[in-house]
Amino acid sequence: MLYPANTPVHDIPIQPSVIVPAGWGIGTALTPMGAGPYPVPAAGSTTHFAATNVEQLEDSPVITGQYFHEFPLAPTITPRHFIDVVADYPEDASLRPEVLTALNNLVREGDALFASHHYNAYHFLLTLSDVAGGEGLEHGQSSDNGVDEKELSDDAHQLAEAELLPHEFSHSWNGKYRRPAGLYQPDFATPQQGAMLWVYEGMTQYLGNMLAARSGFETPAQYRDLLAMSAADLDYKPGRDWRSTGDTAIAASILRGSSPAWSNWKREQDYYREGNLFWLDADTLIRKLTQNKKSLDDFQKIFLAKGGNTGPLIVPYSFDELVQDLNAVVPYDWAAFLHDRVDKINPRADLGGIEQGGYKLVYKDKPNPSERTIEAMAAPRSRGVDSWYSLGLRNWTEGTIIDVRWKSPADKARLAPGEKIIAVNGQIFSGDAFLAAIRAAKGNSEPIHLIVQADRFVSLVDVDYHDGERYPVLERVEGAPDYLDDITKPLTVPEKPPAPPKKDE
Ligand SMILES: [Zn+2]
């Protein structure tokens, strides 16, 4: 994008237009001009949009495609909401009724939770494609979402991406309307300062997961399974010994897209999921302090609804305003609460929210049902074998090591990312043979024998590990308040998907 220098992008007017191939549909939050044919323009015509400014143009992408469908959502809610879908195949652009029901619920839940809107109309832009998928980018009046072609074709496939649309939608409030001061610059050439991404992304991660459950993209049990997996991953992250969560936000541009090799020691963009844990801690703490009369929902109504309904607008905030708004819900030393979790070195993850929520993180010898579903639905290219909490390895199904957990039994045996396990206990490597070897070594002194290839060299490696398979699960603590279940309860009366047609016997 070229624009005049030394002028705030918000002050540069522009009138956009676009020409697309004949028969292609257009999805965008830009406002079309006149009564022209839209969203599928006449062949050869130019679609003109209302005058806007460069800041809004940059924040309003267009998706276009031959297999295109626009669905209006939750018609009783103003302003209006739409989902615009493009797909590689025509049948996929017609979303199944269950997805549209969850989207209608999501729009109503967002309306109830945030008690304000900061857009003229909202467009979920969705690309279903095995070549163009794999994205999630927030905008003020739209979001650009891409998943595999069949990702939303049934509940099981959907689980891995259940929080994508709720997450990006929440960003319209948290991130786009309310923005940490360092993350708002007057033009696109001035670098952004990511120090408060643990609110921008961390709280959005919390909101997205919560709204996914409240809207029916996932069940409360699935919400808890996914929370267990995320909490365990953070709790077994040795890089916590030297790097604070706040530093993962400051280093976001380096950590994004970096190699998975030793990512547990470097840490990743942990401010997303760390934020999920400590905003859950804040939510359950507010519930505990107020006998469940108040919650983080009340905070959203103050922090994200300031100024009431607006059009597209960016209102920056400081750390002090965040603390002040938390204190308006319930007085507490919120500055210390946040500093402890963001700026300090914490060798263990914050599991306080799970425990105050009435559950505890435990390890079982079988993966929880959601982990099994996600693994079974994964495309062959992204299917793995998980022995992270036992041996300390993440492998692809053909044996290549993705990552080795620092100081784990696998690390002590000097295994390294990029090596390939060729054989286990005398058998050619397979996921089943590998997990069977971990089970067989349980409770005895015989190590697990591996043959490992590194480049063109082959070696014998013995791993001394005898505690069997371990996978994270949340377990209910009987008698404790179950705030975690209150958190996933919808605020509105959910719409039910239409009943499937009756089958004749
Ligand atoms: Zn995000």
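Residues numbered from 1 in each chain as written. Predicted model: local features only at pLDDT ≥ 70, side-chain atom pairs only at ≥ 80, totals over all residues. Heavy atoms only, no water.

Teacher, can you tell me more about unusual backbone geometry here?
Note: most peptide bonds trans; most residues except glycine with negative phi. Put simply, T78 and P79 share a cis peptide bond, and its omega is -5 degrees. Structurally, the position occupied by P79 is in the loop between strand 7 (67–73) and strand 8 (81–87). Phi is positive for N425, which is not a glycine, with a value near 45 degrees. By the secondary structure assignment, N425 is in the loop between strand 18 (420–424) and strand 19 (427–428). (Helix = DSSP H or I, 4+ residues; strand = E, 2+ residues; numbered from the N terminus.)

What am I meant to see in the pairing of strand 3 (residues 25–28) here?
Residues in a regular strand project their side chains so that they alternate between the two faces of the sheet. Both faces of strand 3 are covered, namely the face carrying G25 and G27 and the face carrying I26 and T28. In this sheet, strand 6 (residues 62–65) lies alongside strand 3 in antiparallel orientation, the contact comprising 4 bridges. Bridge assignment links I26 to a residue of strand 6, and that residue is T64. (Buried < 20%, exposed > 50% of the residue type's maximum accessible area, 1.4 Å probe, protein only. Pairing = 2+ DSSP bridges.)

I would appreciate a short explanation of the nonpolar core in the present structure.
Side chains that are nonpolar tend, in soluble globular proteins, to be buried together. Residues L95, L103, W198 and W279 are the most contacted members of the largest nonpolar core, which totals 85 residues. It is helix 12 (residues 271–289) that contributes the most residues to this core, 9 residues altogether. When residues no more than four places from it in sequence are discounted, the contact partners of L95 are F71, I83, V85, L100, L103, L126, L128 and L152. Among the nonpolar cores identified, the runner-up in size contains 24 residues, and V385, L393, L415 and A437 belong to it. (Core = buried A, V, L, I, M, F, W, Y, C linked by side-chain atoms within 4.5 Å. Contact = heavy atoms within 4.5 Å.)

For this particular structure, what's the right way to read the packing of aromatic side chains?
The geometry of an aromatic ring pair is captured by the separation of the ring centres together with the interplanar angle, meaning the angle of the planes. Using the criterion set out here, one finds 23 aromatic pairs in the structure. For the ring pair F299 and F303, a centre distance of 5.1 Å and an interplane angle of 15 degrees mean the geometry is stacked. In this pair, F299 and F303 are both assigned in helix 13 (residues 296–303), 4 residues apart and thus about one turn of the helix distant. Assessed through its relative accessible area of 0%, F299 is described here as buried. A relative accessible area of 0% places F303 in the buried class. Following the ring pairs from residue to residue traces out a cluster consisting of W198, F278, W279, F299, F303, Y317 and F319. Directly above the aromatic system of F303 lies the positively charged group of R178, at a separation of 5.2 Å from the ring centroid. Over the face of the ring belonging to F337 we find R341, whose NZ or CZ atom lies 3.7 Å from the ring centre. (Phe/Tyr/Trp six-rings, centres within 6.5 Å; stacked < 30°, edge-to-face > 60°. Lys NZ or Arg CZ within 6 Å of the ring centre and 35° of its normal.)

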